[in-house]
Amino acid sequence: MFSKKLDKSTAVTDGTAWELTRIPVIDSDQLLSIKFNSSKTDDSSCIAFLILSHENELIDSSIPICESLKEYVLKTKNEKKDSIFECDLHKLYWAWTDEKSICDNNNLMELAYKFSAYLRKHEAKVESLSVFIDLVTSSAPFMTFLSRLFFESYISTLYKSEQKEVNFPKIISFSASRLTISEKDSIEILETAKKLALASIRMKNLVEAPPNVCHCEKFLDYVKKEVPKYKNLYLTYCDENQCLDAGMGAFYSVSRASEHGGRLIHITYKSGNPTTKIGLVGKGITMDTGGYSLKSCESIMTMKYDMTGAALVTSTILAIASLEIKDIEVHAVALLTANAINEKATFPGSIVKAYNGKTIEILNTDAEGRLVLADGLTYLSNVFENSPNSYIIDVATLTGAMAICLGTEIAGLFTNSDKLTSFLYQASKDSGENIFRMPLHEKYKSLIKSKIADLSNIANSKPNASSMTAALFLQEFVGDKIHWAHLDIAGVSWRGSKAEAKAWGILLLYKAVLELSGTKQ
Ligand code: BES
Ligand code: MG
Ligand code: ZN
């Protein structure tokens, strides 16, 4: 049949030979060469500068940049807030002279993104970089900024026939005229920034893995390989049949039509003497076709990223373990399966029993996220014995309406706890990853009542407050004494223009977990 016999290396595969992720190495000399200081440094050998400063400070300060750059910044300050400039001596400059709150973490995140995007676009290899942040008065933003800078320097070529090396910028100095950071603290900041950047890269690779490569079995294999690399980390898991035997009819109803079934993955990190228990639950739909309530050609295309929640909780707990955080107990539960169609697929109108005994009429098989999360939330509530000293945060690309409501820069927060809200808002401020608290209104509970079962998985009339009714549905499966928050990350997870995962949430969850457990940062 074939004119030429195919050998193994050229044979077409179904993709399963691909690696799920490949984490690059950030060389240690890259880290060691970084110095934080408040005094003038001689950086004439530096090829790139990143400057965050008021224009007047820029002119007066000890920043060792050439006069022509200063002139350029002053000349263009009214036209462009951030601009790139090249001169004979130095190949590249980036200047930012915005008068407003420059040290705001959100601005820093954006700047790190823009700067890296510039480097990527020009394929600039930055051998040495000096960063001047005059306006920062605390050390936290450095970590955020560095972590993002490293992360954004990463380009995935996993699915190209030609692999490219990753060029992380080599930063030789940090200058902050209003801040002195001790040698010890600076090493810690760098180490944290690096580990969180690698966690973000891990998450990005997992999310971007195509649906024929990243199925639940492969995801579990990967976790099995990673967990033993770290101290104080434990893994338990079960497949969809074991879940059904345990009574998880909601999770099973989604996974039953999938070639690889489903997996509930539970990773625990416990060190020292923790005072609280913290749980992270992630939606892990490796591909959401919608099931019989089939999605349109347009909306189905990117649905491999419906497992962002699972990638986020897994990458966060691995980062916490790699940083060997003391005296905390964190649980990550990921519900993995595809929402597929075959002859076993759940029919719309089916009624199933969830793990907590409540019955659900599945009127729309595309509202599958809340079904898998329902059993995950009950599972973790049971592990925590409904203790008021425990916190559960679930993260899920749950509703398209979330993106319509808050766009691509802000995630929706739905919660039963003011206390957890204040922790999350603080973490959001520290990380520059935005959240906004949405209502969980009792009145709307009637919308998710079913005529013949306890609950319906979609609202029974329109307009239906889609994101809120989904959150109200989830609340039915959380222990009533537990501080619980649901983050709908459907809008913030994906950068459509570049078809890439943003790895949104690693810094936010990391900060939140540390604050909740009272760990000094
Ligand atoms: N995974 C989708 C939500 C989604 C949509 C995430 C677009 C990211 C981008 C979810 O499973 C879904 O299909 N939700 C439905 C719920 C509806 C049927 C009640 C939706 O939002 O349309
Ligand atoms: Mg769906
Ligand atoms: Zn989905």
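If you're wondering where the values come from, they're calculated on a predicted model, not measured in any experiment.

> Looking at this structure, I do not really get helix 12 (residues 369–383). What am I missing?
An α-helical segment advances 3.6 residues per turn. Residues three or four places apart therefore align on the same side. Taking 1.5 Å of rise per residue, the 15 residues of helix 12 would be expected to cover 21 Å, and the 21 Å separating its terminal C-alpha atoms lies within 8% of that figure. With 13 of 15 residues buried, helix 12 lies mostly within the body of the structure. Within two residues after helix 12, glutamate 385 carries a phi angle of roughly 50 degrees, on the positive side.

> Explain empty space enclosed by the protein to me, please; I cannot follow it from the model alone.
Any empty space left between the atoms is revealed when a probe the size of a water molecule rolls over them. Tallying each qualifying case throughout the model produces 3 cavities of 30 Å³ or more. Within this model, the largest cavity holds a volume of roughly 80 Å³. The wall of the largest cavity is formed by 13 residues, among which Ser253, Val254, Asn339, Thr346 and Thr365 lie closest to the centre. Class assignment of the residues belonging to the lining of the largest cavity gives a composition of 7 nonpolar, 5 polar and 1 charged. Estimated volume of the second largest cavity: approximately 40 Å³. As for the second largest cavity, its lining consists of Arg120, Phe151, Glu152, Tyr154, Lys204, Arg495, Glu500 and Ala501. Sorting the residues of the lining of the second largest cavity by element identifies helix 5 (140–152) and strand 19 (500–501) as the ones contributing at least two each. Residues that form the lining of the second largest cavity fall into these classes: 3 nonpolar, no polar and 5 charged. Here the lining of the second largest cavity gathers at least three residues from each of two domains, domain 1 (34–204) and domain 2 (218–517).

> When you look at the confidence of the model for the chain in this model, what are you seeing that I'm missing?
In low-pLDDT segments, the atomic positions of the prediction should not be examined closely. Taken residue by residue, the chain gives an average pLDDT of 86. The fraction at 70 or more is 77%. Segment residues 8–12 is flagged for pLDDT under 50; beyond a separation of four residues in sequence, or across chains, it makes 0 contacts in the model. Between residues 38–42, whose pLDDT stays under 50, and residues either more than four places distant or in other chains, the model counts 7 contacts.

Procedures and definitions
Residues numbered from 1 in each chain as written. Chains lettered and ligands numbered in written order. Predicted model: local features only at pLDDT ≥ 70, side-chain atom pairs only at ≥ 80, totals over all residues. Heavy atoms only, no water. Helix = DSSP H or I, 4+ residues; strand = E, 2+ residues; numbered from the N terminus. Expected span 1.5 Å × (residues − 1). Buried < 20%, exposed > 50% of the residue type's maximum accessible area, 1.4 Å probe, protein only. 1 Å grid on protein atoms, 1.4 Å probe; cavity = no way out; pocket = protein on both sides within 12 Å on 5 of 7 lines; lining within 4 Å. Points joined across faces, edges and corners; volume = space filled by probe spheres on them. Nonpolar A, V, L, I, M, F, W, Y, C, P; charged D, E, K, R; others polar. Domains from an automatic or database assignment. pLDDT = per-residue confidence, 0-100. Contact = heavy atoms within 4.5 Å.

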